[in-house]
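Single-letter residue listing:
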Amino acid sequence: MNGLHIEHLTSIVQNEISSLKQLYQQKQYDKSLDKLSSLGIKYPKFRDHPLHNGHMWLESKRIDDGAEGLWRIHDQLYDFSDFVHDHPGGKDWLRLTKGTDITEAFESHHISAVPSTLLPQYLVRDAKVPRNSPFTFNENGFYNLLKRKIYEKLKTLPKTSSDRSKHITDFLLISYIVFSYIGFAILAAYFRSFAIGGVAGIVLALTAIAAHNFFHQRDNFRMYYFDFTMMRHKEWRISHALSHHLYTNTVYDLEISALEPFLQYLPTEKSLIFRFASWIYSPIVYAFVYIAFYLKAIIQSLILGEKIPLSLLLPFTVLGAMIAFTNESVIFCTIMFFWIIITSSIYFGIVGVNAAHHHPDIFHDGDTPRPKDQMDWGIFQIDAVRDRKDINSSYFLVLTNFGDHTLHHLFPTIDHGYLQYLYPEFFETCQEFGIRYETTTQLELVKGQYRQLAKHKPNPFPPGHIQPT
Ligand code: HEM
């Protein structure tokens, strides 16, 4: 590339950065979009920007949450500046969320009562405006009651329950080099086999899904396994843990907006192309998920004037290993590497969109919600998730295919290895509150996912409503 091209590219990036900065400063947006959320959530400001990512999402929360540059929990504002680096879960959670409402994150990421006892020392004042979230956490509501039962149950379970998650995840990435992602990648280059490359891609996707169990928890080295995909676990802690998990299937869910306009899961007016042609072109969208995340991470670093994170180099160590351990040319290894990345991205996309959330019977923002007094966050999670019995029947499938998903959504920091033991308390609490917990099959969810893409009319009845026969 000659100097002229580089200058041209730099000026495009600089223009984009300055227009984004202006957008941030002007805080202009179209208020009519607010009505898209049947839950009354304000439409996130930069949701439709082509570079929309976790950092822009947090920026929109800073504008809407009434946190006044501090941290908001329920209707109080706190200053955790002195606690950020001492936070047992890692500094990122609080560092990233400064200036936002962290109620849902705070409530769902701690099982013990200890964090709540620490709050008074950081209290600054009451918030001036109501929360931009409809969800409640009443002391004796569904979620808090269940959480107290789960806390007691966890004390009775062996600490080794999480060991199998560690063993499977290590196995998928490193334990047995030949049968791992890296091993398959090297074999694919050595034998010039795109079929083996495809297997490497699938193993990489399984590794990433298993590693996702770990980035929900306190900082640990297994969360970096996720970064071999070219997506970063740090970015996913925002888009997945803080956005998707807490505001599932709403206008606030980045895993819905990230696929728009190509794949539109919210039940709003959409053209026939998006409703039906998307069934055919969706694999092309999945193919670019990893690469799009990668490019957005680089652009984000440029926008914020930060150094490009070193973990962005991690996926390329595998390309280095392919070049080092085979006699193949750099060009061939690079082609094979991107073949692996793209097949992995497609597999990850297929598993992701068909895992638990998209079916006309599952609540999506726009559908008629439960009445306001039933907006317990835990009940909402049950309405927005559907478990698959065939996946939940095997622990390997649970860890590598987003199984036991309702319990995982309710208690994201609990290792997947414990979840299967928590059902008795969960069922008991559902019964106490008259909540129906329904399961389905993987096949039914695949069909439902396509129907949800085609769906453009919201459900007229709230979740849990039984239609008269
Ligand atoms: C954005 C908000 C927050 C998030 C997402 C978050 C996340 C986490 C995570 C992931 C863990 C590790 C859980 C585990 O692996 O078992 C943790 C632990 C912990 N966090 Fe937070 N945290 C947040 C805010 C806070 C605040 C505001 C406090 C207290 C002022 C706090 C106090 C603690 C304590 C004491 C622990 C140790 C475990 C426990 O006693 O429950 N966190 N947090």
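As annotated in an unreviewed UniProt entry, the protein chain is Cytochrome b5-related protein from Acanthoscelides obtectus. Of the comments in the UniProt record for the protein chain, the one headed Function (unreviewed entry) reads "May play a role in muscle cell metabolism." As recorded by UniProt, the Sequence similarities (unreviewed entry) comment attached to the protein chain reads in full: "Belongs to the cytochrome b5 family."

Now for the overall build of the protein chain. Along its length, the protein chain carries 22 helices and five strands. Taken over the C-alpha trace, the protein chain has a radius of gyration of 22 Å; the compact-globule value for 469 residues is 23 Å, and the two agree within 12%. Over its C-alpha atoms, taken along the principal directions, the protein chain stretches across nearly 65 × 50 × 50 Å. Sorting the 469 residues of the protein chain into buried and exposed places 43% on the buried side. Long-range contacts, defined as pairs at least 24 residues apart, comprise 73% of the intrachain contacts of the protein chain with a sequence gap of at least 6.

Moving on, we come to the site of the ligand. In the vicinity of the ligand lie 22 residues, with Pro88, Gly89, His109, Val114 and Pro115 positioned nearest. Of all the secondary-structure elements, those providing two or more residues to the shell around the ligand are helix H3 (92–97), helix H4 (103–109) and helix H5 (114–118). When grouped by side-chain class, the residues that make up the shell around the ligand number 13 nonpolar, eight polar and one charged. Counting contributing residues per domain, the shell around the ligand is built from domain 1 (3–135) and domain 2 (136–469), each supplying no fewer than three.

It is worth spelling out the packing of helix H6 (residues 142–156) against helix H21 (residues 423–433) at this point. Closest axis-to-axis distance for the H6/H21 pair is 10 Å, and the angle between their directions is 155 degrees. The angle between the axes of H6 and H21 places the two elements in the roughly antiparallel class. Crossing angle aside, the handedness with which H6 passes H21 is right-handed. For the pair H6 and H21, the contacting residues are Phe142, Leu145, Leu146, Lys149, Ile150 and Lys153 in the first and Glu425, Phe426, Thr429 and Phe433 in the second. Counted by class, the contact of H6 with H21 contains six nonpolar, one polar and three charged residues.

In this section: the domain arrangement of the protein chain. Buried accessible area, meaning the area lost when the parts come together, often serves as the stated size of an interface. Examined at the domain level, the protein chain breaks down into domain 1 (3–135) and domain 2 (136–469). The centre of domain 1, based on its C-alpha atoms, is set 22 Å off from the matching centre of domain 2. Taken residue by residue, the interface counts 32 residues in domain 1 and 41 residues in domain 2. Broken down by secondary-structure element, the contributors of at least two residues to the side of domain 1 that touches domain 2 are helix H1 (3–26), helix H2 (54–64), H3 and H4. Of the residues forming the side of domain 1 that touches domain 2, the biggest block, five residues, is contributed by H4. The residue makeup of the side of domain 1 that touches domain 2, split by class, is 17 nonpolar, 11 polar and four charged.

Here we take up the UniProt feature "transmembrane region" (unreviewed entry) in the protein chain. Under the feature "transmembrane region" (unreviewed entry), the UniProt entry names residues 171–190, 196–215, 272–295, 307–325 and 330–350. The span residues 272–295 carries 96% helix and 0% strand; its end-to-end C-alpha distance comes to 30 Å. Along residues 330–350 the backbone is 100% helical and 0% strand, and the end-to-end C-alpha distance reaches 30 Å.

Looking now at the UniProt feature "domain: Cytochrome b5 heme-binding" (unreviewed entry) in the protein chain. The positions UniProt marks with the feature "domain: Cytochrome b5 heme-binding" (unreviewed entry) are residues 52–128. End-to-end, the C-alpha atoms of residues 52–128 are 29 Å apart, and along that stretch the chain is 38% helix and 13% strand.

Interhelical geometry of helix H8 (residues 181–190) versus helix H15 (residues 330–353) gives an angle of 135 degrees and a closest axis separation of 10 Å. Between H8 and H15, the interaxial angle falls into the category oblique. Between H8 and H15 lies a crossing whose hand is right-handed. On H15, the residues that touch Ala185, Ala188 and Ala189 of H8 are Cys333, Met336 and Ile340. Residues belonging to the contact of H8 with H15 are distributed by class as follows: six nonpolar, no polar and no charged.

By the element assignment, Leu123 lies in strand S3 (residues 123–126). It is 6.6 Å that separates the C-alpha atoms of Leu123 and Asp79, two residues lying 44 residues apart in sequence. Not counting the four nearest positions on each side in its chain, Leu123 is found in contact with Gln76 and Tyr78.

Conventions adopted
Residues numbered from 1 in each chain as written. Predicted model: local features only at pLDDT ≥ 70, side-chain atom pairs only at ≥ 80, totals over all residues. UniProt positions renumbered as here; feature names shortened; annotations may be inferred. Helix = DSSP H or I, 4+ residues; strand = E, 2+ residues; numbered from the N terminus. Rg over C-alpha atoms; globule rule 2.2 N^0.38 Å. Buried ≥ 20, exposed ≤ 12 C-beta atoms within 10 Å, placed from the backbone. Contact = placed C-beta atoms within 7 Å. Near = placed C-beta within 6 Å. Nonpolar A, V, L, I, M, F, W, Y, C, P; charged D, E, K, R; others polar. Domains from an automatic or database assignment. Axes fitted to C-alpha atoms, helices over the stretch in contact; angles between N-to-C directions. Parallel < 35°, antiparallel > 145°, perpendicular 65-115°, else oblique. Left-handed = near helix turned anticlockwise from the far one by under 90°.

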